[in-house]
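Chain by chain, the residues run as shown.
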Amino acid sequence: MTAFNLFDILGISLLLHLCFSLLLLLVLVPFVLFVYPVLRWLRKGWIRFVRWKYPNVVVVEENSIRTILDQFRNHGIYTLLIQGRSIADGIHGHLVHLASSRRFLRAGLSTRWGLYVWKDLDQFSVDNHLLNAPCSYRGRPITDSNIQDYVSELTSKFFPPGQPPWQVHVINCYLRGDDYQICLVRAHHLLLRQEHLALADFLPLRYSTESWTCQEVDSPFTNLYSEPSALPKLYQKLTESFNNYWNEFLYNNDPNERPEILKKQIGICHSMKILVIVLVSSVKEITRQYRKREGPKFFDIFSIFQREANKRNFKHTMLLRALFKSLNPFEILHNIFLWLWYLVIIFTLKTPILLIRELRALRSYHKHYYPDTLISMLWCYVPLIYQAAMEVLSITWIAIKAPKTIFEELFLKHPQANRLQTTSPCGRKVVAWSDEVELDVLRKISNLTGATEAEILLATTVDALKEYFRHSGVRIPDDVLATGKFVRQRAIFVQNHEARGILCLALPTKTPLFEDDLVEILQVIQKNVRDARSKQSAMYGITAAEASYGLISSCLPSLLLKVMLNQLTRRYSLSLTHVDGDLPVEGVDAVMYWRPPQGNCNMSITLHRYGNCVRLGVMGDALIGPEHAIITKTFPKSVENLANVVGVPRISSRNSTPSPASPSISPGH
């Protein structure tokens, strides 16, 4: 866990954070406690109304940040480009099989009364979604010189209305003197989420999930804090111990396990034990029914309790007889005699044996050889409890600092505007991607500067953005505010539930000493990354929880969230995605992934590493084009310039796909 500073705990910093957090809690907690059940009830009622009014559709019940931000001018369409020699062989049969097993792949997506709905189509054909490119584009064969123009034009088109929101384009082209196939996959974020699909699932790729390795990635947008280790381990051990004791308790006292218990008169103590068993069994049954459906009604609880009691023949007459037996003076004397005899046996025979075992366990280096001793239990639990307590303190410290830190990061810092687009967006998206940059060059720069490879990529991205600002006529801001997210390569090819949060980062275009010094930009980025990672653990965790469980969208009104998110995306107008990890996919030579910008976010940049190379991909509104291609064209040159400045020998980049389109040509037009 993130370590906390003792001086901060004892100093004024704790007081400031604590006061701000308490003030926020006094305002938010009553609001959330009142609003959450009201919102939940209203949303369920609204969903039922839409179902009643449109009985032939499937209403999307779940809500998310992307769903709230969806609008006509910024659809959440994820895009993946894969290049190979024969990657599209058998794609038609693959898509037919995939569509037959996934209902929403054959359903149209639309909105009814503010809610997304799926409607089954009377006629569905895979041929409407598997589109083969023509042999030429604008009268010329598709080659290195115009492939980016063609792909950008495909991404700039909206999906046909009323049709399932996914498409696969197969492009046969001639690149670097060889024949290649390029597959472009586009899919709506809601389709991917509801059908638990990855973008690569639309292609008949051959790979083994066993070959994926879980490597530690070097990204500023992940691992902001280490996962708690002592708390889960302590919870597991306590749960195992409790289950063992509970099973033993059931075996000795549950009439279902031992029917002979009720063949003789039992006392009040044994009756209380059976009552505890009945209550616990009733709670388990109520919980099971609640998970299975909306939950049992109030009067059903009594029937469940009665059923569990009848299973064990537990009635009020049993309690009365047990009470009378326990109050019998002869029974009391008998119990006292038994207890005295038990104590005599314990102190004379059992205690010496237990002391000998405790001494042996104390002297032994292998305490686990004596699992039933107090020494072994303390040896196991005391260090674990200490580590768990430190983790609780760290989490508490993060939670105390979170409100004030989040408020400062989102609303107080960097007040100047840094919009990447001055005109109102049209909603169509254009894309571009850069030449390959050798990973070996980045590693040599990293060895000389001490910066990570991701920080070097961020610095060269800033240099490319500055060139974009100069050509587009937009005033160069002091900082470009960006939100960064890490995506593991595996998530593109195999659907997983690995939650990743978001980090807010300021990318400096102007530095204190020199105007266009890449080394100084790199140094400022290193400082900004360190500051962001040290302060935004809570923000990262909250956004990760939202991605997994819808934490924020379930607690706050959608309208309020939409207003807040539109304002935040106006400030943080650049969306960064860092893709890293191995790529053991047969027949795939190159991959480019674009995560769509939403809200008032105008541009999305992907730093995609695959194999031994890295590419930069840009997705932006069509009105930004053709200047957006300047970013991808400048990026390899910026890496080369930084390498020359720090003294790395010049190494020519290799291009497995074409260079970006010329700035004089507007992609998608």
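A brief report on the enclosed structure follows. Once a new chain begins, its residue numbering starts again from 1 and follows that chain's sequence as written. Reporting in this predicted model follows two pLDDT cut-offs: at least 70 for local features of residues, and 80 or more for side-chain atom pairs to be given and counted; totals over whole chains, interfaces and linings ignore these cut-offs and use all residues. With hydrogens and water stripped out, all remaining heavy atoms of the structure feed into the side-chain values.

1. What to know about the overall build of the protein
As a reminder of what qualifies: Only runs of H or I of at least four residues qualify as helices and only runs of E of at least two qualify as strands under DSSP, and these elements are numbered from the N terminus. Partly exposed residues are those whose accessible area sits between 20% and 50% of the maximum for their type, while under 20% is buried and over 50% is exposed, using a 1.4 Å probe and protein chains only. We get accessible surface area from the Shrake-Rupley algorithm with a probe of 1.4 Å; when it comes to residues, only the shown protein chains can shield them.
Of regular secondary structure, the protein possesses 20 helices and 17 strands. Buried positions account for 45% of the 669 residues belonging to the protein. A total accessible area of about 35,100 Å² is found for the protein, and carbon and sulfur atoms account for 61% of it.

2. Structural notes on a nonpolar patch on the surface
To be explicit about the condition: Within the patch definition used here, like charges are joined within 9 Å and nonpolar side chains (Val, Leu, Ile, Met, Phe, Trp, Tyr) within 5 Å, considering only residues with over 30% relative accessible area and no salt bridge. Within this document, salt bridges are pairs made up of a side-chain nitrogen of Lys or Arg and a carboxyl oxygen of Asp or Glu, the two lying within 4 Å of each other.
There is a patch of nonpolar side chains on the surface, built from L333, I336, W339, L340, Y342, L343 and F347 and spanning about 800 Å² of accessible area. Position of L333 among the secondary structure elements: in helix α11 (residues 329-363). Owing to a relative accessible area of 58%, L333 belongs among the exposed residues under this scheme.

3. Describing the packing of helix α13 (residues 439-449) against helix α20 (residues 628-646)
Basically, it comes down to this: Fitted lines through C-alpha atoms serve as axes, helices being fitted only where they are in contact, and the angles separating the N-to-C directions of these axes extend from 0 to 180 degrees. We call two directions roughly parallel when the angle between them is under 35 degrees, roughly antiparallel when it is over 145, roughly perpendicular when it lies between 65 and 115, and oblique otherwise. Crossing handedness is read from the near helix: turned anticlockwise from the far helix by less than a right angle, it gives a left-handed crossing, and turned clockwise, a right-handed one. Any two residues whose heavy atoms approach within 4.5 Å at even a single point are treated as in contact. Under the convention adopted here, Pro, Cys and the residues Ala, Val, Leu, Ile, Met, Phe, Trp and Tyr are nonpolar, Asp, Glu, Lys and Arg are charged, and Gly plus all remaining residues are polar.
Two elements in contact, α13 and α20, have axes separated by 10 Å at closest approach and are oriented at 40 degrees. When the interaxial angle is binned, α13 and α20 end up oblique. As α13 packs across α20, the resulting crossing turns out to be left-handed. Together, V441, L442, I445, L448 and T449 of α13 and V639, L642, A643 and V646 of α20 make up the contact between the two elements. Its residues placed into classes, the contact of α13 with α20 shows eight nonpolar, one polar and no charged.

4. Describing the pattern of salt bridges
In this structure the tally under the stated criterion is 16 salt bridges. The residue K510 makes a salt bridge to D478 at a minimum N-O spacing of 3.7 Å. Taken as a pair, K510 in the loop between β13 (502-508) and α16 (518-535) and D478 in the loop between α14 (453-472) and β12 (479-488) lie far apart in primary sequence, 32 residues in all. A relative accessible area of 38% means that D478 is categorised as partly exposed.

5. A look at α16
Selection rule: Multiplying 1.5 Å by the residue count of a helix minus one yields the expected span of that helix.
In this model α16 runs 26 Å from its N-terminal to its C-terminal C-alpha over 18 residues, within 8% of the 26 Å that 1.5 Å per residue would give. Of all the positions in α16, only L518, E520, I521, L522, I525, Q526, N528, V529 and A532 are classed as buried. Of the surrounding secondary structure, the elements contacted by the buried residues of α16 are α13, α14, β13 and α20.

6. Brief notes about the sheet that holds strand β5 (residues 130-132)
Defined as follows: Whether two strands pair comes down to DSSP finding at least two bridges between them.
On the basis of which strands lie adjacent, the open sheet formed by five strands has the order β5-β8-β9-β2-β15 and mixed pairing. At either end of the open sheet lies a strand with only one pairing partner, and these are β5 and β15 (588-594). The average angle at which neighbouring strand axes cross in this sheet is 20 degrees, direction not considered. Pairing analysis gives six bridges linking strand β2 (residues 77-84) to β15, with the strands arranged antiparallel. Each bridged residue has a counterpart across the sheet, and for I82 the counterpart in β15 is V591.

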